[in-house]
Amino acid sequence: MAEQSTNPLRRPLPDGIVPEDVVARTEKRWIATMAAMLLLMMAIIVVTGITGALHPSSNVELIDPTTLHLQGEFVESNLGTALEPDRSVTVRMIATQYDFVPQCVDVPVGVPVKFRLTSADVVHGFLLPDTNVNTMVVPGFVAEVRTRFTQEGEYVMPCHEFCGLGHHAMWAHVRVVPQSRFANPTFTERRTCATQ
Ligand code: CUA
């Protein structure tokens, strides 16, 4: 007891105040817990890496970035907004240094919209502020995001992955327009903001 009284932090404390040794013990437990979690997460990364089980998290769809303009889904004539038989739409775009192609797309309000993007060169980002649309666009993969716009208006779409010197100038636009604008296009038509 005499030893305790020499150290003011070890004296009996009023209610609600935690003694120094209890604080130290709790901190040590937390440090051990954090270290164990870190080790576990590092172990998971190493093990999944070694066994080849590490994948990009979402929609894994491979595509050859060197032939996008020649064949397949992302040829120029297939870019833009396409109306599906169930009246939902699919928007296909290519991200490239330093542009989205097409630069502006129209989508109807209130219907399911599926964005499919891929990159022709480096990693880009695709983000529509105030929506759930936010994905990386990685060359060699097709990024797919589904959403539904509840209000008409224009969304500005910045590239949000640093992709080179022109990154800050890489923008596109999504215009959410009345459904009537999509009332009677043929299913093969592809629309951009330039389509009348
Ligand atoms: Cu594309 Cu930053």
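All of these numbers come straight from a predicted model, not from anything done at the bench.

## Regarding the environment of Val156
- Positionally, Val156 belongs in strand E9 (residues 153-158).
- For Val156, a relative accessible area of 35% corresponds to the partly exposed category.
- In the structure, Val156 is positioned 17 residues away from His173 in sequence and 4.8 Å away in space, judged by C-alpha atoms.
- Contacts of Val156, omitting those with residues within four sequence positions, involve Leu127, Pro129, Trp171, Ala172 and His173.

## Looking at the pairing of strand E5 (residues 112-119)
- In terms of burial, E5 is largely enclosed, as six of its eight residues are buried.
- Here strand E2 (residues 89-96) pairs with E5 via seven bridges, running parallel. When the sheet's bridge partners are listed, Val89 is paired in E5 with Val113.
- In terms of strand pairing, E5 meets strand E8 (residues 143-148) through six bridges, oriented antiparallel. For Phe115, the partnering residue across the bridge sits in E8 and is Val145.

## Side note on unusual backbone geometry
- Omega for the peptide link from Gln97 to Tyr98 comes to 0°, which places this bond in the cis form.
- Take Tyr98: it is sitting in the loop between E2 and strand E3 (99-101).
- The omega angle of the peptide bond from Val101 to Pro102 is -5°, so this bond is cis rather than trans.
- Phi angles above zero are rare outside glycine, and Arg87 is one such case at about 75°.
- With respect to the helices, strands and loops of the structure, Arg87 is situated in the loop between strand E1 (80-83) and E2.

Conventions adopted
Residues numbered from 1 in each chain as written. Predicted model: local features only at pLDDT ≥ 70, side-chain atom pairs only at ≥ 80, totals over all residues. Heavy atoms only, no water. Helix = DSSP H or I, 4+ residues; strand = E, 2+ residues; numbered from the N terminus. Buried < 20%, exposed > 50% of the residue type's maximum accessible area, 1.4 Å probe, protein only. Contact = heavy atoms within 4.5 Å. Pairing = 2+ DSSP bridges.

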